[in-house]
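Letter by letter, the chains look like this.
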Amino acid sequence: QASPFVLAGHGSKVRCLAALEGGRLASGSRDGTIRIWTVAGADAAQASPFVLKERGLDPLCLAALDGGHLVSASKCPPCAIRVRNASAILRITACTSPFDFEEAARKYDSGQLFDAAIGAVVSAVTPFKYDEEAHAGTEAWDASAAVVVQAHVFDAIATVVGEDEDSSCSTCASKRIDDLAPRVLDLVKNDKFLTEWRDLGVTNDALETLAPSPLFRAVLGAKYASGAIFVLYFEILLFVVLVALFVRVASLDVLGFSKWFAAEKVVEVVVAFVVIAYFSVREVSQMAAARALELHSPDNVDPEVLEGLAYCAFMIPRRFLFFAVDLLVYPFFLLLLALSRAGVDIEPCRKLLVECVARPIEHDPLTFLGLARSWRRDYWNWFDVGFLVSAWTAFALAIASGSRLSEDLAVVTTI
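Quantities reported herein were computed from a predicted structural model and do not represent experimental measurements. Just so you know, the residues in each chain are numbered from 1, in the order the chain's sequence is written. Totals for whole chains, interfaces and linings use every residue, but because this is a predicted model, local features are given only for residues with pLDDT of at least 70 and side-chain atom pairs only at 80 or more, for both listing and counting. Excluding hydrogens and water, the side-chain values take into account all heavy atoms of the structure.

## A look at the nonpolar core
Consideration 1: Side-chain atoms within 4.5 Å are what join buried Ala, Val, Leu, Ile, Met, Phe, Trp, Tyr and Cys residues into a set we call a nonpolar core. Here's how the labels work: a residue is buried when its accessible area is under 20% of the maximum for its type, exposed when over 50%, partly exposed in between, all with a 1.4 Å probe on protein chains only. Counting residues in each nonpolar core, the largest one holds 41 residues, and the members touching the most others are Ala 26, Leu 70, Leu 113, Phe 114, Val 153 and Ile 157.
Consideration 2: Secondary structure elements are taken from DSSP: a helix is a run of H or I of four residues or more, a strand is a run of E of two residues or more, and numbering for both begins at the N terminus. Here this core takes 10 residues from helix H4 (residues 139–166), the largest share from any one element.
Consideration 3: Whether two residues are in contact is decided by their heavy atoms: any pair within 4.5 Å suffices. Ignoring any residue separated from it by four or fewer positions in sequence, one finds Ile 157 in contact with Ala 105, Ser 110, Leu 113, Phe 114, Leu 180 and Leu 215.
Consideration 4: Formed by 19 residues, the second largest nonpolar core is a distinct cluster that contains Leu 242, Ala 250, Phe 279 and Phe 395.

## Quick word on the pattern of salt bridges
Consideration 1: Throughout this description, the term salt bridge denotes a Lys or Arg side-chain nitrogen within 4 Å of a carboxyl oxygen of Asp or Glu. Following the criterion strictly, the structure yields seven salt bridges and no others.
Consideration 2: Note that Arg 106 and Glu 102 form a salt bridge whose closest N and O atoms lie 3.7 Å from each other. One end of the pair is Arg 106 and the other is Glu 102, both in helix H2 (residues 98–107) and four residues apart, which spans about a single turn.
Consideration 3: Judged by relative accessible area, which is 34%, Arg 106 ranks as partly exposed.
Consideration 4: Among the salt bridges present, the one from Glu 235 reaches Arg 282, with a minimum N-O distance of 3.4 Å.

## Describing the sheet that holds strand S7 (residues 80–85)
Consideration 1: Should DSSP find at least two bridges between two strands, the strands are taken to pair. Overall, antiparallel pairing links the three strands, which are arranged S5-S6-S7 in an open sheet. The open sheet has two edge strands, strand S5 (59–64) and S7, and neither has a second partner. The average angle at which neighbouring strand axes cross in this sheet is 20°, direction not considered.
Consideration 2: Where S5 meets strand S6 (residues 69–74), five bridges bridge the pair, whose relative direction is antiparallel. Bridge pairing in S6 links Cys 61 to Ala 73. Throughout, an axis means a line fitted to C-alpha atoms (over the contacting stretch in the case of helices), and angles, computed between N-to-C directions, take values from 0 to 180 degrees.

## With respect to the packing of helix H10 (residues 264–296) against helix H15 (residues 379–399)
Consideration 1: H15 packs onto H10 with a crossing angle of 155° between their chain directions and a minimal axis gap of 10 Å. Between H10 and H15, the crossing angle belongs to the class labelled roughly antiparallel. Between H10 and H15 lies a crossing of left-handed hand. Contacts between H10 and H15 involve Lys 265, Val 266, Val 269, Ala 272, Phe 273, Ile 276, Ala 277, Phe 279, Ser 280 and Glu 283 from the former and Asn 381, Asp 384, Leu 388, Ala 391, Trp 392, Phe 395, Ala 396, Ala 398 and Ile 399 from the latter.
Consideration 2: Ten residues, namely Ala, Val, Leu, Ile, Met, Phe, Trp, Tyr, Cys and Pro, are considered nonpolar, four, namely Asp, Glu, Lys and Arg, are considered charged, and the remaining ones, Gly among them, are considered polar. Residues that form the contact of H10 with H15 fall into these classes: 14 nonpolar, two polar and three charged. Small angles under 35 degrees read as roughly parallel and large ones over 145 as roughly antiparallel, with 65 to 115 read as roughly perpendicular and the rest as oblique. With the far helix as reference, a near helix turned anticlockwise by less than a right angle produces a left-handed crossing, and one turned clockwise produces a right-handed crossing.

Right under this line is the structure:
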């Protein structure tokens, strides 16, 4: 009789198990991962698992379906049921050469393989290892490895589709394209995946591997089409207008130039305020979009696994912010308490508070306040804020009664 062995690796409680084909076992944990273990065979005890990240979700149960598919249901909020082709994911993560990827592309449905490439975040045991050994085993390293796997899968799919078109099996190529078209369109419509890669710290080397892929070029080409280019040129024009207005107002207040007509300064400042308001609204909307995108899949950190200073650093800012928010919404809590005692169902309000206040604060206090991680990690955003603040101040002083634009502020705004 075989001796028992321990499958170790999860960072928190294991909630669910599911038996898969080929002597494999899937396990879901509160650490936000699903691990697929090899439990049959002579080397099962030494085999490393494949890791699927639930991206902030908490897998509660797993189920195995026919065809090698794995279904996971995750805790609310946010609730989700995901269906993955586990066999295809395991197949592509086991590939060790472009030839292996092409064989997988010939064997599996192109649509399923595309889904597997998009959804798989593999562990550090993947054969395609990086030279960046300092990142090995981290989430950033795993995300970069997943992007490289995607690049090889995309290239393999394009190669197989090209082979089908060159051969007599034109219907095969047509079927593959029909399978891929809606999935590529979904990726085009998905505004999250590039931001998620940035948040996960995907390396430039990984992106350079993916960039030449025909499928990825098609996605980016459709995502950044003529509409976005028009907006870019429109904003450049607005910025040039704003610079011209500032130069003129600064020449009036700082250099003492004479006006072209009596109401010139008022007209220039009003137009400048409209342009600055546009840029300010755009910046705020970008901050709101980045915040909503990040909170769509909040972190699922278990404080019980933290110790010492790590626990204090995690809990203190969150508890302080909870206390401040509680003071602001305390009258609302009293109203809910009164309604509850009167027999009114307050469960929807409670869920709204959990989703809009509690979960975001637990995820990241700064993100709750509007400074999403992706936004605050991009230093150009801070330059934008500095520019907007100085521009608003400069034009406000220029138009205010009894004041004028100072030389120092003019220099700062110019810089």
